[in-house]
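Structural characterization, general
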Amino acid sequence: MPVITNIEDLRVLHKKRTPKMFYDYADSGSWTESTYRANESDFQKIKLRQRVAVNMTNRTTKTTMVGQEVAMPVALAPTGLTGMQHADGEILAAKAAEKFGVPFCLSTMSICSIEDVAERTTKPFWFQLYVMKDRGFIERLIERAKAAKCSALVLTLDLQILGQRHKDLKNGLSAPPKLTIANMINMATKPRWCMGMAMTPRRTFRNIVGHATGVGNMSSLSSWTAEQFDPGLNWGDVEWIKKLWGGKLIIKGILDEDDARLAANSGADALIVSNHGGRQLDGAISSIKALPGIVDAVGKDIEVWMDGGIRSGQDVLKAWALGARGTMIGRPFLYGLGAMGEAGVTKCLELIHNELDITMAFTGHRDIQNVTKDILYPGAFLP
């Protein structure tokens with residue numbers, strides 16, 4: 001086992017151990033991938049002020065996200081096909097998050113179902129909802145999330161239509177993978193992954209198959225999903241979902257200040273500044289660059305978080321300093337999951353927490369809740 005010192009180490013190991021189509025699914029953006037790259041590179045332009053001769057003892061990264069106590073302001077983002085990065089991936093990631101003390105959010109497009117995760121965890125998790133044309137299916141999905149005691153609903157608004165991701169088209173992405181000659185040759189080089197998949201019954205979208213009308217197998221699933229994402233989604237639907245859900249509501253996919261005001265007026269408990277990891281509108285602004293303006297516009301009216309480009313605890317601290325009261329990580333925990341299963345997700349969280357804690361000390365703070373924009377170096381690039 002190589003020595004793992006940062007998220008990049010997990011990414012390299014993930015690439016070695018996971019079939020190409022699923023690694024590429026996780027580690028890619030739409031079109032030219034300019035927004036995907038900007039999410040990371042814009043963080044690197046923000047510089048920190050080092051302070052010395054300050055008391056660095058008794059540090060804490062603890063805070064709350066929508067009233068839930070968290071070990072650090074980080075949650076595992078909802079990611080589709082997580083259970084194809086590693087067998088039972090959503091279950092393993094949820095267990096790691098629970099033990100570490102951070103929230104886990106399950107995607108509508110997960111391989112393990114709401115019930116699968118609920119049966120194998122002991123604390124409430126969050127559920128992420130995509131709005132489909134079949135409103136009856138949405139109603140049943142929300143009722144299932146309630147029955148599983150999910151503590152928050154994350155409503156994603158930026159996937160009414162799918163952005164084109166060239167790698168997915170070239171790889172013929174599917175779950176389970178189609179047994180073409182190219183795929184079989186590639187999977188033969190990933191024996192650990194193959195063994196795990198052979199030992200689990202969870203290889204398709206279990207929130208959908210057997211639950212959506214007319215979807216009983218992979219063939220019917222493909223045609224159903226191609227037709228179901230609703231391009232007519234609007235703020236009236238958000239109001240309907242809020243009433244139907246009745247609990248904590250988090251809106252994901254906000255990049256514009258006007259949309260942020262609409263989100264705040266909707267009565268949601270939090271919004272997530274996000275460009276879907278650079279997987280939707282290529283050429284859109286990076287999440288960290290959009291964050292300060294949105295915080296200024298609505299930060300007093302609604303809890304503002306951000307998602308996209310975080311690869312370290314330093315990135316978490318920079319986002320906090322610019323006003324985010326929570327962050328979400330997707331790719332980093334997927335790298336850990338694909339590399340080492342549950343232990344890899346735990347390692348990802350440990351790395352980010354350690355970097356956050358040490359950087360907080362170097363910038364002269366012991367409590368993350370006292371960190372302000374003052375930790376950012378004057379004159380350096382600010383989004």
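Rules of the game
Per chain, residue numbering runs from 1 following the sequence as it is written. Local features are withheld for residues below a pLDDT of 70 in this predicted model, meaning they are given only at 70 or higher, and side-chain atom pairs are given and counted only at 80 or more; totals for whole chains, interfaces and linings count all residues. No hydrogens and no water enter the side-chain calculation; it runs on all heavy atoms of the structure. By definition, any uninterrupted DSSP run of H or I lasting at least four residues is a helix, any uninterrupted run of E lasting at least two residues is a strand, and each is numbered from the N terminus. Under the scheme applied here, a residue whose accessible area is under 20% of the maximum for its type counts as buried, over 50% as exposed, and between as partly exposed, the area being computed with a 1.4 Å probe on protein chains only. In this analysis, two residues are considered to be in contact whenever any of their non-hydrogen atoms come within 4.5 Å of each other. A 1.4 Å probe and the Shrake-Rupley method give the accessible areas. Residues count as covered only by the protein chains that appear here. By the counting rule applied here, Lys and Arg register as positive and Asp and Glu as negative, while His and the ends of each chain are not counted. To locate a charge, the coordinates of NZ of Lys, CZ of Arg, CG of Asp or CD of Glu are taken. When two rings of Phe, Tyr or Trp (its six-membered ring) have centres within 6.5 Å they constitute a pair, described as stacked for plane angles under 30 degrees, edge-to-face for angles over 60, and tilted for the intermediate range. Throughout this description, the term nonpolar core refers to a set of buried Ala, Val, Leu, Ile, Met, Phe, Trp, Tyr and Cys residues connected via side-chain atoms within 4.5 Å. Summarising the geometry, the arc corresponds to the directions from the helix axis toward the C-beta atoms. N or O atoms closer than or at 3.5 Å make up a polar contact, with two conditions inside protein: a donor-capable atom paired with an acceptor-capable one, and, for residues adjacent in sequence, both atoms drawn from side chains. Only the stretch in contact is used when a helix axis is fitted, and all axes are lines through C-alpha atoms; the angle between N-to-C directions ranges over 0 to 180 degrees. Each angle is binned into one of four classes, with values under 35 degrees roughly parallel, values over 145 roughly antiparallel, values of 65 to 115 roughly perpendicular, and all other values oblique. Helix crossings fall into two classes, left-handed where the near helix is turned counterclockwise from the far one by less than a right angle and right-handed where it is turned clockwise. Note on residue categories: nonpolar means Ala, Val, Leu, Ile, Met, Phe, Trp, Tyr, Cys or Pro, charged means Asp, Glu, Lys or Arg, and polar means any other residue, Gly included.

Before going further, it helps to examine the overall build of the protein chain. When helices and strands are tallied, the protein chain shows 17 helices and 10 strands. Taken along the three principal axes of its C-alpha coordinates, the protein chain extends 65 × 50 × 40 Å. Per-residue burial for the protein chain yields a buried fraction of 57% across its 383 residues. Counting only contacts in the protein chain whose residues sit at least 6 apart along the sequence, the fraction spanning at least 24 positions is 74%. Only carbon and sulfur atoms are counted for the fraction: they give 53% of the accessible area of the protein chain, which is about 15900 Å². Measuring between centres, the 46 positive side-chain charges of the protein chain sit 5 Å from its 40 negative side-chain charges.

Attention shifts here to the packing of aromatic side chains. Applying the stated criterion to the full structure yields 4 aromatic pairs. Between Trp-126 and Trp-305 the ring centres are 5.6 Å apart and the planes differ by 15 degrees, which places this aromatic pair in the stacked class. In this pair, Trp-126 is assigned in strand 5 (residues 126-129) and Trp-305 in strand 9 (residues 303-307), connecting sequence segments 179 residues apart. One exposure class covers both Trp-126 and Trp-305, and it is buried.

Counting 106 residues, the largest nonpolar core has Leu-271 and Leu-291 as its most contacted members. In terms of residue count, helix 17 (residues 342-362) provides more of this core than any other element does, 7 residues in total. Ignoring any residue separated from it by four or fewer positions in sequence, one finds Leu-271 in contact with Ile-251, Ile-254, Ala-260, Ala-263, Ile-294, Val-298, Ile-302, Glu-303, Val-304 and Trp-305. Counting 14 residues, the second-largest nonpolar core is a separate cluster that includes Val-70, Ile-250, Ala-270 and Trp-305.

Moving on: helix 13 (residues 257-265). For helix 13, the full list of buried residues reads Ala-260, Ala-263 and Ala-264. The buried residues of helix 13 occupy an angular sector of 100 degrees when the element is viewed end-on, so they sit on one face. Exposed side chains of helix 13 directed beyond 90 degrees from the buried face belong to Asp-258 and Asn-265. The inward-facing, buried residues of helix 13 contact helix 12 (235-245), strand 7 (248-254), strand 8 (270-273) and helix 14 (287-298). Between a side-chain oxygen at the N-terminus of helix 13 and the backbone nitrogen of Asp-258 the separation is 2.8 Å; the capping residue is Asp-256.

Once that is clear, we can look at the side chain of Gln-280. Mapped onto the secondary structure, Gln-280 falls in the loop between strand 8 and helix 14. At 2.7 Å, the side chain of Gln-280 and the backbone oxygen of Ile-161 are in polar contact. A polar atom in the side chain of Gln-280 sits 2.8 Å from the backbone nitrogen of Gly-163. Contact partners of Gln-280, with chain neighbours within four places excluded, come to Ser-30, Asp-158, Leu-159, Ile-161, Leu-162, Gly-163, Arg-165 and Asn-275.

Turning our eyes to something else, we now look at the environment of Asp-237. Mapping Asp-237 onto the fold places it in helix 12. Apart from residues lying up to four places away in sequence, Asp-237 is in contact with Arg-135 and Gly-232. A polar atom in the side chain of Asp-237 sits 3.2 Å from the side chain of Arg-135.

Here the focus is the packing of helix 5 (residues 89-100) against helix 17. Two elements in contact, helix 5 and helix 17, have axes separated by 8 Å at closest approach and are oriented at 40 degrees. When the axes of helix 5 and helix 17 are compared, the pair comes out oblique. Judged by the sense of rotation from one axis to the other, the crossing of helix 5 with helix 17 is right-handed. Taking contact as the criterion, the partners of Leu-92, Ala-93, Lys-95, Ala-96, Ala-97, Lys-99 and Phe-100 in helix 5 are, on helix 17, Glu-342, Val-345, Thr-346, Leu-349, Glu-350 and His-353. Looking at side-chain class alone, the contact of helix 5 with helix 17 contains 7 nonpolar, 2 polar and 4 charged residues.

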